[in-house]
Amino acid sequence: MASPDVEVSPSDLRFRFQLNKQLLATITINNPSGQRVAFKIKTTAPKKYVVRPSSGVVEPRSNVSIQVVMQAQKEYAPENANCKDKFMVQTTPLGDTEQIDKDTFSKELRKDLKEYRLKVTIEGPAAPPSPVPEANEADDESAGAIRNAGPPAAPIQISTVSAPPPPPAPAAAPAPVSVPVPEAPAVDPRLRAALDNLTASTSENQQLKSQVDRLQRERDELRRQLDVFQLQQGARTAAPAAQPAAAAIAKPQLTMAYVLLVAVIAFLLGNFMRF
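In the nomenclature of an unreviewed UniProt entry, the protein is known as MSP domain-containing protein of Astrephomene gubernaculifera. Its UniProt record gives the protein the following Subcellular location (unreviewed entry) comment, quoted word for word: "Membrane". Its UniProt record gives the protein the following Sequence similarities (unreviewed entry) comment, quoted word for word: "Belongs to the VAMP-associated protein (VAP) (TC 9.B.17) family."

Chemist: Please explain the overall build of the protein as it appears in this structure.
Modeler: Secondary structure summary: the protein contains two helices and nine strands in total. In the protein, the succession of α and β elements from N to C terminus is β-β-β-β-β-β-β-β-β-α-α. If you take every contact in the protein between residues at least 6 apart in sequence, the share linking residues at least 24 apart comes to 69%. Surface exposure of the protein reaches about 22100 Å², of which carbon and sulfur atoms provide 60%.

Chemist: Would you mind showing me how to read the sheet that holds strand E7 (residues 62–70) here?
Modeler: Taken in spatial order, the four strands of this open sheet run E1-E3-E7-E5, and their pairing is antiparallel. The open sheet is flanked by strand E1 (7–9) and strand E5 (49–52), the only strands paired with a single partner. Sheet twist, expressed as the average angle between the axes of neighbouring strands with direction ignored, equals 20 degrees.

Chemist: Is there a simple way to think about the packing of aromatic side chains in this case?
Modeler: Any two aromatic rings considered together are summarised by their centre-to-centre distance and by the angle between their planes. On inspection of all chains with the given rule, the structure shows three aromatic pairs. Seen in terms of ring centroids, phenylalanine 15 and tyrosine 49 are 6.0 Å apart; in terms of plane orientation they differ by 40 degrees. Their pairing is tilted. Residue phenylalanine 15 is located in strand E2 (residues 12–16), and its partner tyrosine 49 is located in strand E5; the two are separated by 34 residues in the primary sequence. A relative accessible area of 1% means that phenylalanine 15 is categorised as buried. Relative accessible area serves as the criterion here: at 4%, tyrosine 49 is assigned to the buried category. Measuring from ring centre to ring centre gives 5.0 Å for phenylalanine 17 and tyrosine 76, while their planes differ by 65 degrees; the resulting arrangement is edge-to-face.

Chemist: Before we go on, may I ask you to explain the pairing of E5 in this structure?
Modeler: Taken residue by residue, a regular strand's side chains alternate between the two faces of the sheet. Where burial is concerned, the two faces of E5 differ: the one with Tyr49 and Val51 is buried and the one with Val50 and Arg52 is not. Bridge count between E5 and E7: four bridges; the pairing is antiparallel. Residue pairing across strands places arginine 52 opposite glutamine 67, the latter belonging to E7.

Chemist: Help me out: how do you make sense of the pattern of salt bridges in this one?
Modeler: Pairing is possible between side chains that carry opposite charge, provided their charged atoms lie close to one another. Counted under the stated rule, the structure contains 12 salt bridges. Salt-bridge contacts for glutamate 123 lead to arginine 14; the nearest nitrogen and oxygen are separated by 3.3 Å. On the criterion of sequence distance, the pair formed by glutamate 123 in strand E9 (residues 114–123) and arginine 14 in strand E2 is long-range, its members being 109 residues apart. On the basis of relative accessibility, which here comes to 27%, the residue glutamate 123 falls in the partly exposed class. A relative accessible area of 48% means that arginine 14 is categorised as partly exposed. Put simply, Asp12, Arg14, Arg16 and Glu123 are held in one network by salt bridges that share partners.

Chemist: How should I be thinking about the sheet that holds E9 in this particular structure?
Modeler: Either a parallel or an antiparallel arrangement is found when strands of a sheet pair, and the pairing is made through backbone hydrogen bonds. The strand order across the open sheet formed by five strands is E2-E9-E8-E4-E6, and the pairing between neighbours is mixed. The open sheet has two edge strands with one neighbour each: E2 and strand E6 (55–58). On average, adjacent strands in this sheet sit at an angle of 25 degrees to one another, irrespective of strand direction. The sheet contact formed by strand E8 (residues 86–94) and E9 spans six bridges and is antiparallel. Looking at the pairing, phenylalanine 87 lines up with leucine 118 of E9.

Chemist: So what exactly am I meant to see when it comes to the confidence of the model for the protein here?
Modeler: Caution applies to low-pLDDT regions: their predicted coordinates should not be interpreted in detail. Here the protein averages 78 in pLDDT, and 69% of its residues register 70 or above. When the criterion is pLDDT under 50, residues 142–162 qualifies, and its contacts beyond four places in sequence or with other chains add up to zero contacts.

Rules and cut-offs
- Residues numbered from 1 in each chain as written.
- Predicted model: local features only at pLDDT ≥ 70, side-chain atom pairs only at ≥ 80, totals over all residues.
- Heavy atoms only, no water.
- UniProt positions renumbered as here; feature names shortened; annotations may be inferred.
- Helix = DSSP H or I, 4+ residues; strand = E, 2+ residues; numbered from the N terminus.
- Contact = heavy atoms within 4.5 Å.
- Areas by Shrake-Rupley, 256 points an atom, 1.4 Å probe, with all protein chains shown as cover.
- Pairing = 2+ DSSP bridges.
- Axes fitted to C-alpha atoms, helices over the stretch in contact; angles between N-to-C directions.
- Phe/Tyr/Trp six-rings, centres within 6.5 Å; stacked < 30°, edge-to-face > 60°.
- Buried < 20%, exposed > 50% of the residue type's maximum accessible area, 1.4 Å probe, protein only.
- Salt bridge = Lys/Arg side-chain N within 4 Å of Asp/Glu carboxyl O.
- pLDDT = per-residue confidence, 0-100.

Laid out in structure tokens, this is it:
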């Protein structure tokens, strides 16, 4: 199987050095052919760099981006100016169903294995900004220029009447310092819409809860009225049934009283007739 030509870029991995910060670079492998290509990334400093992913497959007519992360460094070493770190990209064609194994990148078994070497360049940290000369430094430079001009010429004595010095001018009021007012952060329209929906949902829930409470109270009142109605109906039904029973009880009592009365009268009549 002929090894397809792939494009590996860039040829020089550049990192802008910063203290205590991870640095990122990207390797791109482009496969313009119609074959699957396996790749593997190697480096001379595996403890210093992290490669994601370190191996994989580039499908036909596609590309893959590999991230190279340099671990955070605590100081800028002098050898960084002439960095000796290097990377190597190995590529080899794969069949349609072939997978990567331990022999995929073996030079003895893979005659179509290709290697691309990349060097590493670490750029030094950015230079600090130049200081702005202050007013007293400018005065010192002017004083130095006067001192370097040599001794002054001998003064010419002229007898004149010196006028009194003018009064000092009043000190100018300091200009007002304008303090920038920070602008209010813009609110995301989606966040505002979500808050409005939440507020509307809360209000609807409260209204529904009030309606449920009112319906429960009406249900309890209807149950109470139904119980009272059933008690009244029971009392009305029991009243006619109780009247015949009472009459039946009262009739034997009346008959017994009548018998006793007749017996008493007969007893009295018998005693009266005897006498």
